[in-house]
Amino acid sequence: MTSKIDSADSSSSKLPAAVWERFRHGVAIPAHPLALTAERRMDERRQRALTRYYLASGVGGLAVGVHTTQFAIRQPQVGLFRPVLELAAEEMDRGEASGATQGPLVRIGGICGDTRQAVAEAETLRELGYHTGLLSLAAMARRGLDELIEHCRAVSEVIPIVGFYLQPAVGGRVLPYSFWRRFAELENVIGIKIAPFNRYQTIDVVRAIAESGRDDIPLYTGNDDHIVLDLLTPFRFDCDGQPRTVRIVGGLLGHWSVWTKPSVELFAECRKIAGAAEAAADSEDAPLVSDRLLRLHNEVTDMNAAAFDSANGFAGCIAGLHEILRRQGLLEGIWCLDEQETLSPGQAEELDRVTAAYPHLCDDAFIAEHRDEWLR
């Protein structure tokens with residue numbers, strides 16, 4: 001199908017060529033947490049150590065200033081939005097310069113708030129060398145569709161944007177097919193993170209992109225409850241009488257901020273299988289998804305339920321990630337900017353259960369081997 005906006009003249013020209021190639025083919029991108037001291041100030045040494053851990057794990061980029069980093073970094077009394085972005089950028093510069101990364105890193109910064117705030121944050125990202133902004137619409141909960149699209153357009157005029165379908169349970173809003181169909185008409189859209197934790201809404205996004213004719217909007221999963229199968233599943237739609245198959249090519253996930261090395265390895269395996277299936281199309285040579293991968297899908301989801309605290313409406317999702325990193329020695333504590341944000345009752349025991357049940361999805365030994373180096 002012919003793209004309505006030629007990718008050679010749109011998305012690909014807005015990022016460095018090598019960065020765009022990596023991003024459109026799909027990479028693993030963790031959402032970066034925030035390391036704090038007991039006084040709830042940024043712990044610079046451990047913040048840098050986290051970034052070094054992700055780079056050493058083989059990620060293809062980082063998302064900073066997003067939900068996992070805590071939206072409260074933007075509050076004037078906290079004042080951490082720019083410092084957090086700067087630290088991550090410095091470490092990414094260092095990693096690329098030393099050859100520690102497997103290629104150029106995709107640098108994504110979170111953007112939220114009303115249009116005035118979002119445009120200002122986009123300007124900060126551009127100034128600091130970030131490639132794109134992950135645009136949250138949580139602050140626009142009561143705005144109509146026309147207003148949402150104009151908001152997205154205004155931000156995209158400052159920096160290319162990645163759309164973000166954030167699940168309502170953690171502050172997002174329902175965004176219908178009609179929104180995503182119009183969103184795909186914005187020239188400066190270069191990707192979408194799909195994270196409604198809902199299959200119907202996930203299909204809305206994928207169908208909108210398929211029917212838009214755009215072939216330059218890579219889709220990334222943020223569905224932490226469906227990671228492996230999102231990466232393996234083909235979506236096929238009838239578009240003006242012609243079949244079109246679309247795949248989710250990458251992941252931008254809070255889940256990947258922990259147990260990162262095995263997550264990157266599993267991602268690479270999924271992409272290899274999906275690529276072979278795409279090349280084989282409907283022939284008998286198309287690879288089958290093994291029982292092992294289906295089992296791993298459920299194991300990853302079970303681990304995510306403990307880390308994200310799904311049993312309690314995700315109340316302990318950030319603290320749960322912090323607790324995993326604390327146990328591994330990368331964080332000193334699980335402190336969040338909101339003093340009320342902590343582990344839910346029984347969440348620690350759930351983390352005990354899943355880490356004991358699925359040691360092949362953990363990376364404690366890898367971290368123990370390199371932690372002192374990262375914390376230097």
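Structure: above.
Keep in mind that this is a model prediction, so the values were computed, not measured.

Participant: What should I look at first to understand the state of the cysteines in this one?
Facilitator: By definition, a disulfide is the covalent link that joins the sulfur atoms of two cysteine residues. In the structure shown here, the tally under the stated rule is 0 disulfides. Left without a disulfide partner, cysteine 270 is nearest to the cysteine sulfur of cysteine 362, which lies 17 Å away.

Participant: How do you make sense of the nonpolar core when you look at a structure like this?
Facilitator: The nonpolar side chains of a soluble globular protein tend to be buried, and buried together. Counting residues in each nonpolar core, the largest one holds 101 residues, and the members touching the most others are Tyr130, Phe179, Trp180, Phe183 and Ile192. In terms of residue count, helix 11 (residues 291-308) provides more of this core than any other element does, 7 residues in total. Not counting the four nearest positions on each side in its chain, tyrosine 130 is found in contact with Val64, Leu85, Ala88, Ala89, Met92, Arg107, Ile108, Gly109, Leu125 and Ile159.

Participant: Just checking my understanding: could you explain the pairing of strand 5 (residues 161-166) for this structure?
Facilitator: Every regular strand shows the same layout, with side chains that alternate between the two sheet faces. Most of strand 5 is tucked away, with 6 of its 6 residues classed as buried. Residues Ile161, Gly163 and Tyr165 of strand 5 are buried on one face, and the alternating residues Val162, Phe164 and Leu166, pointing to the opposite face, are buried as well. Pairing of strand 4 (residues 132-135) with strand 5 involves 3 bridges; the strand directions are parallel. The residue bridging leucine 135 from the neighbouring strand is glycine 163, located in strand 5. Across 6 bridges, strand 5 lies against strand 6 (residues 189-195) in parallel orientation. Following the sheet pairing, isoleucine 161 is matched in strand 6 by valine 189. Remark: the strand 5/helix 7 (residues 177-183)/strand 6 crossover connection has right-handed handedness.

Participant: I'm lost on the side chain of glutamine 167 in this one. Help?
Facilitator: Within the fold, glutamine 167 resides in the loop between strand 5 and helix 7. Those residues in contact with glutamine 167 that sit more than four places away from it in its chain are Gly172, Ala195, Pro196, Phe197 and Phe314.

Participant: Just to check I follow, could you spell out the packing of aromatic side chains for this structure?
Facilitator: The relative placement of two aromatic rings is captured by the distance of their centres and the angle of their planes. Applying the stated rule across the entire model yields 11 aromatic pairs. Aromatic side chains phenylalanine 23 and tyrosine 220 sit 4.8 Å apart centroid to centroid with 15 degrees between the ring planes, which places their arrangement in the stacked category. Taken together, the residues span a long stretch of sequence, with phenylalanine 23 in helix 2 (residues 17-25) and tyrosine 220 in strand 7 (residues 219-221) at a distance of 197 residues. For phenylalanine 23, a relative accessible area of 2% gives the class buried. Put simply, the rings of Tyr53, Tyr54, Phe366 and Trp374 touch in pairs and so form one group of aromatic residues. The ring of tyrosine 177 carries the charged tip of arginine 207 above its face, separated from the ring centre by 3.9 Å. Over the ring of phenylalanine 366 we find lysine 261, and its NZ or CZ is 5.3 Å from the ring centre.

Procedures and definitions
Residues numbered from 1 in each chain as written. Predicted model: local features only at pLDDT ≥ 70, side-chain atom pairs only at ≥ 80, totals over all residues. Heavy atoms only, no water. Disulfide = S-S within 2.5 Å. Core = buried A, V, L, I, M, F, W, Y, C linked by side-chain atoms within 4.5 Å. Buried < 20%, exposed > 50% of the residue type's maximum accessible area, 1.4 Å probe, protein only. Helix = DSSP H or I, 4+ residues; strand = E, 2+ residues; numbered from the N terminus. Contact = heavy atoms within 4.5 Å. Pairing = 2+ DSSP bridges. Right-handed = clockwise from strand over helix to strand, strands pointing away. Phe/Tyr/Trp six-rings, centres within 6.5 Å; stacked < 30°, edge-to-face > 60°. Lys NZ or Arg CZ within 6 Å of the ring centre and 35° of its normal.

From the geometry alone we can't say anything about function, so treat these as descriptive.
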